[in-house]
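# Remarks on the overall topology
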Amino acid sequence: GFFKADARLAHIARDITNKGGFQPDFFTSGLFVSHIAHTLPEDTHIFIDGFPRSVEQLHALNELAEYAHLENIIYINIEVEPEEVKRRLLSRGRTDDTVEGITKRLSEYDRTVVPLIQKLEQSQAYTYLEIDGNRSIQDIHEDIKSKLAPYLA
């Protein structure tokens, strides 16, 4: 994928990620739209993981949804307590999962993702579903299936 490429922007992006940072909105939105433009099939459901992560990225998704005539957008937020996030990230062993990097990402989450969630909760354009992510994978999976079932029937 892009992050493994031997290209200037890929090097910059890897450096930001390795330091625990988030990519800038213009960059994330551009990568997302480019990927969707190349891969979105006709008449299908799509699942997007990790986008949007800010109000600015939501604007890009809104424009894409209007342009591509995407409807019935469901936003699932798996909410996990910060201490559990730290525990899980430290246990997976990635090089950017240091205490400092995780603390920085959690701070960035509070600054960018929390306002996005507040906007989505109030939006008429999206269905917002919140899932308790502090449980087992199986419980989370069952909760997601249960909450999605009415929309996919």
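Use the structure listed above.
Here we summarise the structure given alongside this text. (Residues numbered from 1 in each chain as written. Predicted model: local features only at pLDDT ≥ 70, side-chain atom pairs only at ≥ 80, totals over all residues. Heavy atoms only, no water.)

### A closer look at the overall build of the chain
How we decide: A run of DSSP states H or I qualifies as a helix once it reaches four residues; a run of E qualifies as a strand once it reaches two. Both are numbered from the N-terminal end. Each radius of gyration reported is based on C-alpha atoms, and the globular scaling rule is 2.2 Å times the count of residues to the power 0.38. Exposure categories follow from relative accessible area, calculated using a 1.4 Å probe and restricted to protein chains: below 20% of the type maximum is buried, above 50% is exposed, and the middle band is partly exposed. The contact rule is simple, with two residues in contact once any of their heavy atoms fall within 4.5 Å. All accessibility values rest on the Shrake-Rupley procedure with a 1.4 Å probe; residue burial counts only the protein chains present in the view. Positive charge is attributed to Lys and Arg, negative charge to Asp and Glu, and no charge count is given to His or to the chain ends. To locate a charge, take atom NZ for lysine, CZ for arginine, CG for aspartate or CD for glutamate.
Broken down by element type, the chain carries 6 helices and 2 strands. For the chain, the sequential pattern of α-helices and β-strands runs α-α-α-β-α-α-β-α. Relative to the compact-globule value of 15 Å for 153 residues, the chain shows a C-alpha radius of gyration of 17 Å, a close match. Dimensions along the principal axes, computed over C-alpha positions, put the chain at roughly 40 × 35 × 25 Å. Here the chain holds 153 residues, and 29% of them are scored as buried. Contacts in the chain between residues far apart in sequence, at least 24 positions, make up 58% of those at least 6 positions apart. For the chain, the exposed surface amounts to about 10,600 Å²; the carbon and sulfur share of it is 54%. For the chain, the distance from the average position of its 17 positive side-chain charges to the average position of its 25 negative side-chain charges is 7 Å.

### A closer look at the packing of helix α4 (residues 82-92) against helix α5 (residues 99-122)
Relative orientation and spacing of two packed helices are given, respectively, by the angle between their axes and the distance between those axes. How we decide: Fitted lines through C-alpha atoms give the axes, limited to the stretch in contact for helices. The angle between two N-to-C directions lies from 0 to 180 degrees. If an angle is under 35 degrees, it is roughly parallel; if it is over 145, roughly antiparallel; if it lies from 65 to 115, roughly perpendicular; otherwise it is oblique. Two helices that cross are described as forming a left-handed crossing if the nearer one is turned anticlockwise from the farther one by less than a right angle, and a right-handed crossing if clockwise. All residues other than Ala, Val, Leu, Ile, Met, Phe, Trp, Tyr, Cys, Pro, Asp, Glu, Lys and Arg, Gly among them, are scored as polar; the first ten of these are nonpolar and the last four charged.
Running from N to C, α4 and α5 cross one another at 140°; their axes reach a closest spacing of 10 Å. With respect to α5, the axis of α4 lies oblique. Considering how the two elements wind past one another, α4 and α5 form a crossing that is right-handed. Here P82, V85, K86, L89, L90 and R92 of α4 lie close against α5, whose contacting residues are V99, I102, T103, R105 and L106. In terms of residue class, the contact of α4 with α5 is made up of 7 nonpolar, 1 polar and 3 charged.

### Comments concerning a nonpolar patch on the surface
Rules: Patch membership needs two things, relative accessible area over 30% and no salt bridge, and members are linked within 9 Å if like-charged or within 5 Å if nonpolar (Val, Leu, Ile, Met, Phe, Trp, Tyr). Whenever a carboxyl oxygen of Asp or Glu lies within 4 Å of a side-chain nitrogen of Lys or Arg, that contact is scored as a salt bridge.
On the surface, F47, Y151 and L152 cluster together into a nonpolar patch covering about 360 Å² of accessible area. Checked against the element boundaries, L152 lands in helix α6 (residues 137-152). Given the relative accessible area of 44%, L152 is considered partly exposed.

### Some points on the pattern of salt bridges
Going through the model one piece at a time under the given rule, you end up with 13 salt bridges. Between E83 and K86 there is a salt bridge whose closest N-O contact spans 3.5 Å. Of this pair, E83 and K86 both sit in helix α4, 3 residues apart, which is roughly one turn of that helix. Its relative accessible area of 57% is what places E83 among the exposed residues. For R105, the salt bridge identified is with D96, shortest N-O distance 3.5 Å. For R105, a relative accessible area of 13% corresponds to the buried category. Among the residues examined, D96 registers a relative accessible area of 4% and is labelled buried.

### So, α5
Since there are 3.6 residues in each turn of an α-helix, residues three or four apart along the chain are aligned in direction. Spelled out, the test is: By this rule, a helix spans an expected 1.5 Å times one less than how many residues it contains. What the bend at a residue measures is the angle between two axes, fitted to the seven residues ending there and to the seven starting there.
Look at α5: 33 Å from first C-alpha to last across 24 residues, which is about the 34 Å you get at 1.5 Å a residue. The axis of α5 is deflected most strongly, by about 40°, at D110. Those residues of α5 that sit buried are G101, I102, R105, L106, T112, V113, L116, I117 and L120.

### Considerations on the nonpolar core
Generally speaking, a soluble globular protein has its nonpolar side chains buried in company with each other. In plain terms, the rule: Buried Ala, Val, Leu, Ile, Met, Phe, Trp, Tyr and Cys residues form a nonpolar core when they are joined through side-chain atoms within 4.5 Å.
Ranked by internal contacts, the top residues of the largest apolar core, which has 15 residues, are F32, L61, L116 and L120. Those elements that place two or more of their residues in this core are α2 (25-39), α3 (55-68), α5 and β2 (126-132). Per-element accounting of this core gives the leading share, 5 residues, to α3. The residues contacting F32, other than those within four sequence positions of it, are I48, F51, L61 and L64.

That's the geometry; what it means functionally is another story.
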